[in-house]
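Here are the chains, one letter per residue:
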Amino acid sequence: MVGAVERSHNNVLSNGSLHHSNGAEERLDELRRILSKSDGDLLKIVSVGAGAWGSVFAALLQDAYGHLRDKVQIRIWRRPGRSVDRATAEHLFEVINSREDVLRRLIRRCAYLKYVEARLGDRILYADEILKDGFCLNMIETPLCPLKVVTNLQEAVWDADIVVNGLPSTETREVFEEISRYWKERISVPIIISLAKGIEAALDPIPHIITPTQMIKSATRVPMDNILYLGGPNIASEIYNKEYANARICGAEKWRKPLAKFLRQPHFIVWDNSDLITHEVMGGLKNVYAIGAGMVAALTNESATSKSVYFAHCTSEMIFITHLLAEQPEKLAGPLLSDTYVTLLKGRNAWYGQMLAKGELSPDMGDSIKGKGMIQGVSAIGAFYELLSQSSLNVFHPEVKTPIAPAELCPILKTLYKILIRRESPAQAILQALRDETMNDPRERIEIAQSQVFYRPSLLGQP
């Protein structure tokens, strides 16, 4: 729990948040110098989107650097008007009263009474309102530090030096097209860090994947050198609760190395890598198979044997797909499998699969779920299957001695597509696919990928 963090290594601020004194000001000064910020000129950072990861990311920066008010401004944008329903308000009240540090902070800020009134049904709270007090609507049980919330997008981004994309991939293009209108007369080029894990598919003129960073570049015309992706095997709430975590920031060397140093904290280690698009795509791929893992877990009453059978097949499909996407797929194995593992353990996509299998949710309810936010794996299933079904990507199958669409060699992906996109099969179909007596050894799928020229750079929009 955040409140259990040892105070001996932190300073407690008047707003109840914490900040580390382990060289934060030196790191901030170094980034300000690289960005040519003069004395008295604030480094302005804004997180666009207030889902779980976007809110935690902003809160981490606020905790680390928010006390240096004369040097940096950290804010978060979210849309106004989203009301908090009565049940959520009641749960929020329980969380507040279970945490003495949060309770004292709200009383000190004269904000506690409105949560009492909401609990009684005498007042409606709004998502942007509670975010200012440190409560993310998609992560009620993990109170954050108070955040500086802006509900006007133009005000939030027009002069920001660093913009963090905390939006789902399905909303990224639309919001950044709006942002581009506010940047028409900008002289300096902002830095953009995308946290989004999801993809779109484009079939013309050739089948290829579109990632959130590519959406941002297309929408804003910001050079790709100024757009980065940050991701890793982690759960947002656990990172804020100071569980040790790793992440990787990918992009041009000019920015990724100083930003990795700026973002690094004792419990949140940030490495850097040049391979932006491939890591971004891998972040979307693991969400696909996490949904199926949740289904299998629920349908088999958490059978370890069934889950291991599923894991063998889904990992072989992911390895198969990485051979299509990367010239050196072995470099991606560790990051992909670790990100997959944590998502299967506690991610929202695995949770979504469980709820579908239990009948507590249905595909007809959409992929934006109350209290969880956007389930990115749903759109990713559609994108990957539609791409890998294209005849222009056919690969030679050594048994049938004929070219075949890559999707035909991915029975788990194909079944998830039938369940969630075509909606012609029930969740139980995932078990039928696993137990199909004609299913090949997953090792053979990997051997097919390794035995021929498999890499398709065109899938990532490369020549």
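To be clear, the structure that these remarks concern was listed above.
Summary of the structure given here. (Residues numbered from 1 in each chain as written. Predicted model: local features only at pLDDT ≥ 70, side-chain atom pairs only at ≥ 80, totals over all residues. Heavy atoms only, no water.)

**So, helix H14 (residues 333–346)**
Formally: Where helices and strands are cited, they refer to DSSP runs of H or I of at least four residues and of E of at least two residues respectively, numbered from the N terminus. Here, expected helix span is obtained from the residue count minus one, scaled by 1.5 Å. When a residue's accessible area, from a 1.4 Å probe over protein chains only, is under 20% of the maximum for its type it is buried; when over 50% it is exposed; and in between it is partly exposed. The criterion used for residue contact is that any of the two residues' heavy atoms lie within 4.5 Å.
Here H14 contains 14 residues, and its C-alpha end-to-end distance of 20 Å stays within 8% of the 20 Å for a straight helix at 1.5 Å per residue. All of the buried residues along H14 are Leu336, Asp339, Thr340, Val342 and Thr343. Where H14 is buried, its residues meet helix H12 (276–299), helix H13 (304–325) and helix H15 (348–358).

**A short note on empty space enclosed by the protein**
Just so we agree on the cut-off: Buried and open spaces are told apart on a 1 Å grid over the protein atoms alone, a cavity being a set of points where a 1.4 Å probe fits but cannot get out and a pocket being an open set with protein on both sides within 12 Å along at least five of seven lines. Residues with an atom within 4 Å of a point are the lining residues. Grid points are joined across faces, edges and corners, and a volume is the space filled by probe spheres set on the points. When residue character is reported, Ala, Val, Leu, Ile, Met, Phe, Trp, Tyr, Cys and Pro are called nonpolar, Asp, Glu, Lys and Arg charged, and the others, Gly included, polar.
One pass over the structure, following the stated rule, counts four cavities of 30 Å³ or more. Lining the largest cavity are Arg27, Glu30, Leu31, Ile34, Pro258, Lys261 and Phe262. Per-class residue counts for the lining of the largest cavity are four nonpolar, no polar and three charged. Counted as a void, the second largest cavity has a volume near 40 Å³. As for the second largest cavity, its lining consists of Lys44, Ile45, Val46, Gln73, Arg75, Ala156, Asp159 and Ala160. Sorting the residues of the lining of the second largest cavity by element identifies strand S3 (43–48) and strand S4 (72–77) as the ones contributing at least two each. Looking at which element gives the most residues to the lining of the second largest cavity, the answer is S3, with three residues. Tallied by class, residues from the lining of the second largest cavity come to four nonpolar, one polar and three charged.

**Quick look at unusual backbone geometry**
In this chain, Asp204 is followed by Pro205 through a cis amide linkage whose omega measures -5°. Its place among the elements puts Pro205 in the loop between strand S10 (200–202) and strand S11 (208–210). Backbone geometry at Ser36 places phi at a positive 60°, although glycine is not the residue there. Within the secondary structure, Ser36 sits in the loop between helix H1 (24–34) and S3.

**Notes on the pattern of salt bridges**
Note the following rule: By definition here, a salt bridge exists when the distance from a side-chain nitrogen of Lys or Arg to a carboxyl oxygen of Asp or Glu is within 4 Å.
What the rule picks out here adds up to 30 salt bridges. Across the pair Arg99 and Asp101 runs a salt bridge, and its minimum N-O distance is 3.1 Å. Here Arg99 falls in the buried class, since its relative accessible area comes to 7%. One salt bridge in this structure joins Arg104 and Glu100, with 2.9 Å as the shortest N-O distance. Here the residue Arg104 and the residue Glu100 both occupy positions in helix H4 (residues 100–108), the gap between them amounting to four residues, near one helical turn.

Nothing here speaks to function; it is geometry throughout.
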